[in-house]
Amino acid sequence: MSFFTGIQIFEPNPRLSFYNCTVRKNNTNSNDLEPKIVAKQVIKKEILAGDAIYSPIIINGSTTFVLCSEGFWARDRANASYIATTGHCSVANTNFYLRKQVDPSDLIGHMIYQLQLPDFGLIRLNLQNVRPIPCVRNKKSSQYPELRIKDHIVVSSIGAHLCHSGATTNVDCGYLKSLNGDGFVKIPTYFTDDILIVDAWSRKGDSGGPVFYYKDLMNVGLNGLLISSVSDQISGILAAVPLSSILNTVDITVVTA
């Protein structure tokens, strides 16, 4: 039974109305009915000093990741953007990602500059994926989760109160014990006396994170990058390369808030 035969059981001569979808009221342009292409909005992921960054390496045929921390955002004379971290964070691959996945959408960038003395490297940022923020990540504080980097200064006095932020420990603070590495118990693979020693807790994965001092509860000044640490159940000490050593080596400018 067809549709038209079936409806004859209703009142005589049922009336049907058909709507022409191509006709618009009020002389509206028929082009409005055509599908519109909407540009996809790419949501960039923010990255702050102290955030985790991952570099993949292949060991025995399987992929593992080196965990380090972002140090600070910088620009060169051509206004290209970089994040600084320790040079030893790049073991066998110059790519860095936001997660433990080799996903193109998580690509931070490539380490294009790497040194051992002083121990630091520069990652050229992929600004299509990430948006750098001139702040230090402070997960331990619900009131001040982001600390604005206002300036940078050379540390010159023993006993100065310094802190660091890293992917594993997050923020921990202590006091400057040495300006030239005296008393640092870990034997490095190389020797340098241009190291800041601070009695603060740090763990694996914090390397490359910022070392800073509080100007007030919301603002900090940058002092250097964490490069190594020694800790036990009682105490910990960390070593940092002074920011002045980095800026004297490569022509970059620290981006401040």
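Residues numbered from 1 in each chain as written. Predicted model: local features only at pLDDT ≥ 70, side-chain atom pairs only at ≥ 80, totals over all residues. Heavy atoms only, no water.

- Naming follows an unreviewed UniProt entry, where the chain appears as Peptidase S1 family protein of Gigaspora margarita.

**Quick look at the packing of aromatic side chains**
Then comes step 1: As enumerated under the stated definition, the model contains three aromatic pairs in all.
Then comes step 2: Consider the rings of Tyr113 and Phe120, whose centres lie 5.8 Å apart with planes at 40°: the pair is tilted.
Then comes step 3: Ring centres of Phe212 and Tyr214 lie 5.7 Å apart, and the angle between their planes is 65°; this geometry places the pair in the edge-to-face category. (Phe/Tyr/Trp six-rings, centres within 6.5 Å; stacked < 30°, edge-to-face > 60°.)

**Here we look at the pattern of salt bridges**
Then comes step 1: In this structure the tally under the stated criterion is nine salt bridges.
Then comes step 2: Between Glu46 and Arg131 there is a salt bridge, with the nearest N and O atoms lying 2.4 Å from each other. Within this pair, whereas Glu46 is found in strand β1 (residues 45-49), its partner Arg131 is found in strand β9 (residues 130-137), the two being separated by 85 residues in sequence.
Then comes step 3: For the salt bridge of Arg137 with Asp51, the shortest nitrogen-to-oxygen distance reads 2.8 Å. Residue Arg137 is located in strand β9, and its partner Asp51 is located in the loop between β1 and β2 (52-59); the two are separated by 86 residues in the primary sequence.
Then comes step 4: Take Asp51: its relative accessible area is 11%, and that puts it in the buried class.
Then comes step 5: Overlapping salt bridges, with partners in common, bring together Lys45, Arg99, Asp103 and Asp106 in one network. (Salt bridge = Lys/Arg side-chain N within 4 Å of Asp/Glu carboxyl O. Helix = DSSP H or I, 4+ residues; strand = E, 2+ residues; numbered from the N terminus. Buried < 20%, exposed > 50% of the residue type's maximum accessible area, 1.4 Å probe, protein only.)

**Some points on the nonpolar core**
Then comes step 1: Counting residues in hydrophobic clusters, the biggest one holds 27 residues, and the most contacted among them are Phe72, Leu122, Val136, Phe212, Leu225, Ile246 and Ile252.
Then comes step 2: The set of elements that each furnish at least two residues to this core consists of β4 (72-75), β5 (81-85), β8 (120-125), β10 (146-152), β15 (219-231), β16 (236-242) and α2 (243-247).
Then comes step 3: The element best represented in this core is β15, accounting for four residues.
Then comes step 4: Ile57, Cys68, Cys89 and Ile108 belong to the second largest nonpolar core, which has 16 residues in total. (Core = buried A, V, L, I, M, F, W, Y, C linked by side-chain atoms within 4.5 Å.)

**Considering the state of the cysteines**
Then comes step 1: For the coordinates displayed, the defined rule picks out two disulfides.
Then comes step 2: Note that Cys68 is cross-linked by a disulfide to Cys89, the S-S spacing being 1.9 Å. Measuring the twist about the S-S bond at about -100°, one finds the Cys68-Cys89 disulfide to be left-handed. With Cys68 in strand β3 (residues 62-69) and Cys89 in the loop between β5 and β6 (95-97), this pair connects stretches of sequence that are 21 residues apart. (Disulfide = S-S within 2.5 Å.)

**Here's the deal with the environment of Asp199**
Then comes step 1: Residue placement: Asp199 occurs in the loop between β13 (196-198) and β14 (210-214).
Then comes step 2: C-alpha separation for the pair Asp199 and Gly174, spaced 25 residues apart in sequence, amounts to 5.1 Å.
Then comes step 3: Setting aside residues up to four positions removed in sequence, Asp199 forms contacts with Cys173, Gly174, Tyr175, Lys177, Gly236 and Ile237.
Then comes step 4: Here Tyr175 takes part through its backbone nitrogen, which lies 2.5 Å from a polar atom of the side chain of Asp199. (Contact = heavy atoms within 4.5 Å. Polar contact = N/O pair within 3.5 Å; in protein donor to acceptor, adjacent residues only side chain to side chain.)

**Considering the pairing of strand β11 (residues 161-166)**
Then comes step 1: When you tally the buried positions in β11, you get five out of six residues, the bulk of the element.
Then comes step 2: Counting the residues in the hairpin turn of β11 and strand β12 (residues 170-178) gives three residues.
Then comes step 3: Of the strand pairs in this sheet, β11 and β14 are connected by two bridges, and their pairing is antiparallel. For Cys163, the partnering residue across the bridge sits in β14 and is Phe212. (Pairing = 2+ DSSP bridges.)

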